[in-house]
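As a plain string of letters, each chain reads:
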Amino acid sequence: MSYQPSYRPGNATSSLAVVSLVFGIVTWFLLPFIGALVAIVCGHLARGEIRRSPIDNRMEGDGMAVAGLVLGYVQLGFCVLAGLLLMAVLFFGFAVAGWH
């Protein structure tokens with residue numbers, strides 16, 4: 001009697017989760033604002049897609065989606081802070097210089 005190992009294919013990984021993680025990493029090097037937006041949108045879409053997948057064949061990639069969301073939100077926060085700092089420097093710089 002020969003033993004045949006059973007083979008069960010792995011669950012599919014959400015491609016949106018992969019895109020979210022990739023753009024979450026890329027946003028720190030190449031595309032600061034736009035990459036963050038793509039990472040955030042794809043991360044939320046991926047988490048919804050994973051939650052809606054059937055329980056017996058649950059999609060994988062929730063961790064990647066969360067990592068992309070965190071990287072995207074942190075970078076977006078830095079972009080907003082940098083924009084506010086730039087506006088403050090320009091405003092107070094012009095005020096000190098006597099521009100009206």
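From a predicted model like this one, the values you see are computed outputs, not experimental measurements. (Residues numbered from 1 in each chain as written. Predicted model: local features only at pLDDT ≥ 70, side-chain atom pairs only at ≥ 80, totals over all residues. Heavy atoms only, no water.)

The next subject is the packing of helix α1 (residues 15-26) against helix α2 (residues 32-52). Direction vectors running N to C along α1 and α2 enclose 155°, while the axes themselves pass 8 Å from each other. When the axis of α1 is compared with that of α2, the two are roughly antiparallel. You can see that α1 and α2 cross each other, and the crossing is left-handed. For the pair α1 and α2, the contacting residues are L16, A17, V19, S20, F23 and G24 in the first and G35, V38, A39, C42, G43, L45, A46 and E49 in the second. Broken down by class, the residue content of the contact of α1 with α2 amounts to nine nonpolar, four polar and one charged. (Axes fitted to C-alpha atoms, helices over the stretch in contact; angles between N-to-C directions. Helix = DSSP H or I, 4+ residues; strand = E, 2+ residues; numbered from the N terminus. Parallel < 35°, antiparallel > 145°, perpendicular 65-115°, else oblique. Left-handed = near helix turned anticlockwise from the far one by under 90°. Contact = heavy atoms within 4.5 Å. Nonpolar A, V, L, I, M, F, W, Y, C, P; charged D, E, K, R; others polar.)

Moving on to the pattern of salt bridges. Counted by the stated rule, this structure contains one salt bridge. Salt-bridge contacts for R47 lead to D62; the nearest nitrogen and oxygen are separated by 2.8 Å. Of the two residues, R47 sits in helix α2 while D62 sits in helix α3 (residues 62-97), which places them 15 residues apart along the sequence. (Salt bridge = Lys/Arg side-chain N within 4 Å of Asp/Glu carboxyl O.)

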